[in-house]
Each structure stands twice: as structure tokens, then as C-alpha cells.
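Topology and contacts: notes
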Amino acid sequence: MHPLHAVVDAGGEPWSRVRAVLERRCRQLPPGCRLELLTEDPGVQRSVRKWCEAGGGELLAVDETGVPAVFRIRIAAATEQSRRNPEDG
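Right, let's walk through the structure included here. (Residues numbered from 1 in each chain as written. Predicted model: local features only at pLDDT ≥ 70, side-chain atom pairs only at ≥ 80, totals over all residues. Heavy atoms only, no water.)

1. Structural notes on the sheet that holds strand 2 (residues 34-39)
With mixed pairing, four strands are arranged side by side in an open sheet as 1-2-4-3. Each of the sheet's edge strands pairs with one partner strand only, and the pair in question is strand 1 (6-9) and strand 3 (57-63). Strand-to-strand twist of the sheet, defined as the mean angle between neighbouring strand axes without regard to direction, takes the value 20°. Here strand 1 pairs with strand 2 via four bridges, running parallel. Residue Val 7 lies in a different strand from strand 2, and its bridge partner there is Glu 36. (Pairing = 2+ DSSP bridges. Helix = DSSP H or I, 4+ residues; strand = E, 2+ residues; numbered from the N terminus. Axes fitted to C-alpha atoms, helices over the stretch in contact; angles between N-to-C directions.)

2. Regarding the side chain of Glu 23
Relative to the assigned elements, Glu 23 resides in helix 1 (residues 15-28). Here Trp 51 takes part through its side chain, which lies 2.9 Å from a polar atom of the side chain of Glu 23. (Polar contact = N/O pair within 3.5 Å; in protein donor to acceptor, adjacent residues only side chain to side chain.)

3. Here's the deal with helix 2 (residues 42-56)
Those residues of helix 2 that fall on the buried side of the exposure criterion are Gly 43, Val 44, Gln 45, Ser 47, Val 48, Trp 51, Cys 52, Gly 55 and Gly 56. At the N-terminal end of helix 2, a side-chain oxygen is found 2.6 Å from the backbone nitrogen of Gly 43, two or three residues along, and the residue is Asp 41. (Buried < 20%, exposed > 50% of the residue type's maximum accessible area, 1.4 Å probe, protein only.)

Structure representation (C-alpha cells):
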């Protein structure tokens, strides 16, 4: 498994709040770092996949068998981050 550089524990927060925290944390770390997102909200679980596909990062692993769900993400390069999908849901 890839080394972990940061954890974002989103609890049950909605995607609109999680996305802002996630993107801020991604800007603080260099591209290629690994981030783990923990979430209890099913809406976040759907949206984080779309966010990654839109250029937010590479989804390395997902574990939705427990609560919270765990997403491991490799942070994208700055040029990829700027193409993120503005969709909130």
C-alpha cells in the first residue's frame, strides 16, 4: 500500500463542506502525495468518485464496507486540480 501523507476525517459532513476542506488540503500538499478521506455520508461517497474522475486526484483504493468509508487518493498536479468538476453532488 502507498504511504499516507494526510487524513481528512469528514465525519457526517455534506459534500459541499467536505469538498472545500479536501481541496484546501490538496493545495497544501505537493502533487503525488497520498491522502485518506474518511466519511460517513453516502452523498460524499458518490461525489468523491466524480471529483477524482474530474481531475481532483487518482482514486487508489476504496473501502466502503464499514463506517466510515475510506478513500485513498493520490493528489493530482496543479494543472489537473484546476479542471475539477464544480458539481456539488
